[in-house]
Amino acid sequence: MNLKFEWSRRSFLAALGTLSGGLLATDRLEAAGIFGKRNKAPARGLDGHAIVPIPSGLGSTGDIYAELGVTPLVNINGTLTVIGGSVMKPEVMELIRRGNEHFVLIDELEIAAGKFIAKLCKSPAGYTGLVTAGAAAAMVVGYAAMMTEDLEPRMRAIPDVSEFPRNEVIIQKSHRYPFDHQIRQTGAKLVEVETREEMIAAINPKTVAIHFTNILSDKGKVSGAETVEIAKAHNIYTFNDASADVPPKERLWEYPAMGFDMVTFSGGKDICGPQASGVLLGKEDLIRYSLMNMSPQEDRIGRCCKVGKETIFGLLKALEIFVNQDYDAILRSYDARAQMITDAVRKFGVTALPREFNPQALGNVTPRYSWQLDPAKLNLTGAEVMQKLADTRPIGIGSMGAGASGMRGRDPNAKAEEHHSERHGRVRDPNSFGFAVWQLKDGEEKMIAARLVEIFAGARKT
């Protein structure tokens, strides 16, 4: 079977190029003078460029992945950073291009963007937003802000916080996770607790904040509301890492409304903004200190957390689309994609299992679709189906090697039995397979269906 992948790069760029031609035209606006005389408004200069064909060099073939010798993927894994997060919508890409039209003072743009975010996300009075280089970067600059405030000597000294009056962060033991490395990156000391009583007892003059890992809310003994209550009673800060916890979109305003001083969300997951973007919502003074601790400022711990003007505009548009979306309609579109696949494989005795979906789940909320194989009709397992999808070329369908944690180094002190390959997916009936369809681009469900038909046709039992 010769698969033709036509969704794609060349057609998308061509369509966007056509669209942008009109957008680049200089506005010919006239303004009425006070005596009725009509004058032309000053022409608006353009520093950017239209989308143009690339006649030679990288990109000239229309397939930049093939030119570099890497395999692009159809995303059935989810919004994993290791495979690029999510795909931005055309409107987001267009604002990224427009963001390149002019130079601008980044700090001024960030402050204006923060106000836009706060209004869009229905933030409480006294809160604003900040576009960061991902949610992990938001943690770095956010915790730096808590410890340095606006004091220049501290901002230059961090991560040497030995002389800072407050440099300890309380965290529930069950809330420890790979991203608390970003807290430790600032030089802050983590203090583990398990119960409410231990949390209160751990607070001392060196305590600056309590960290709350939202995706692990159901693992700890102290809830978010209790965490905020305890912190406020002792005049310390709270930070909620809710990176992957939208949808539902309401969490964008519910968590700040609970009283968390700072909350972060990833911009490159279901918000579908630039992959290297994040949203930090918080009290105005803390957001100001956060901006002072990051690029474009020099000699700052967050200088490496650089956010370009293009990323800021892209994130704002993605967030606007996300907040205004009809999620019920989106769910129906997911169901339609899965149904198309079901219809294609039914003739092989492959049947759809009930959709799995908990709209209030913690992290990466999305439906998951599964199908049951009939071992009497097909000579392969569910795991083999997933592997064959991943092995599809020239474009892989999912990746069996896309572990969420990415590349791992050697541990020379590990016992032999501890060296094992990372387990991907869930433990399931060996005669079933499944995946998510939320990150599919239009038409990719047809590609998956065609590939499954090819796989099952070659695995029929005679």
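Residues numbered from 1 in each chain as written. Predicted model: local features only at pLDDT ≥ 70, side-chain atom pairs only at ≥ 80, totals over all residues. Heavy atoms only, no water.

J.: Which parts of the structure should I look at to understand the overall build of the chain?
T.: When its secondary structure is counted, the chain shows 15 helices and 14 strands. Put simply, of all contacts in the chain between residues at least 6 apart along the chain, 72% involve residues at least 24 apart. A total of about 23,600 Å² of accessible surface is found on the chain, and carbon and sulfur atoms cover 54% of it. (Helix = DSSP H or I, 4+ residues; strand = E, 2+ residues; numbered from the N terminus. Contact = heavy atoms within 4.5 Å. Areas by Shrake-Rupley, 256 points an atom, 1.4 Å probe, with all protein chains shown as cover.)

J.: What am I meant to see in the side chain of Thr366 here?
T.: Following the sequence through the fold, Thr366 ends up in the loop between β11 (351-352) and β12 (369-372). Of the residues examined, Thr366 reaches a relative accessible area of 16% and is grouped as buried. In this view, Thr366 contacts Tyr327, Tyr334, Glu356, Phe357, Ala436 and Trp438; residues no more than four positions away in its chain are not counted. (Buried < 20%, exposed > 50% of the residue type's maximum accessible area, 1.4 Å probe, protein only.)

J.: Would you explain the sheet that holds strand β14 (residues 432-435) in this entry?
T.: Backbone hydrogen bonds hold the strands of a sheet together, and the pairing may be parallel or antiparallel. Reading across from one edge, β11-β12-β14 is the order of the three strands in this open sheet, with antiparallel pairing throughout. The open sheet is flanked by β11 and β14, the only strands paired with a single partner. Against the sheet, helix α13 (residues 327-345) touches β11, β12 and β14, its axis set at about 15 degrees to β12. (Pairing = 2+ DSSP bridges. Axes fitted to C-alpha atoms, helices over the stretch in contact; angles between N-to-C directions.)

J.: Explanation requested: the nonpolar core in the structure shown.
T.: A general trend in soluble globular proteins is that nonpolar side chains are found buried together. Residues Ile117, Met146, Leu252, Phe265, Leu280 and Leu319 are the most contacted members of the largest nonpolar core, which totals 60 residues. With sequence-adjacent residues up to four places away left out, Leu252 is seen in contact with Cys121, Val246, Phe265, Leu281, Leu319, Phe322 and Val323. Within the second largest apolar cluster, 35 residues are counted, among which are Ile397, Trp438, Ala449 and Leu452. (Core = buried A, V, L, I, M, F, W, Y, C linked by side-chain atoms within 4.5 Å.)

J.: How should I be thinking about the confidence of the model for the chain in this particular structure?
T.: Regions with low pLDDT should not have their predicted coordinates read in detail. Mean pLDDT over the chain: 89, with 86% of residues reaching 70 or higher. Taken as a whole, residues 1-39 scores under 50 in pLDDT and shows 53 contacts with residues more than four places along the chain or in a different chain. Here residues 418-425 is a poorly scored stretch, pLDDT under 50, and it has nine contacts once near neighbours within four places are set aside; other chains count. (pLDDT = per-residue confidence, 0-100.)

J.: Could you clarify how one ought to interpret the packing of helix α5 (residues 135-148) against helix α11 (residues 284-292) in this entry?
T.: For any two helices packed against each other, the geometry comes down to the angle between their axes and how far apart the axes lie. At a minimum axis separation of 8 Å, α5 and α11 run at an interaxial angle of 110 degrees. By the criterion of interaxial angle, the relationship of α5 to α11 is roughly perpendicular. Of the two elements, α5 crosses α11, and the hand of that crossing is right-handed. Of α11, the residues touching α5 (which contributes Val141, Gly142, Ala145 and Met146) are Leu286, Tyr289 and Ser290. Tallied by class, the residues present in the contact of α5 with α11 amount to five nonpolar, two polar and no charged. (Parallel < 35°, antiparallel > 145°, perpendicular 65-115°, else oblique. Left-handed = near helix turned anticlockwise from the far one by under 90°. Nonpolar A, V, L, I, M, F, W, Y, C, P; charged D, E, K, R; others polar.)

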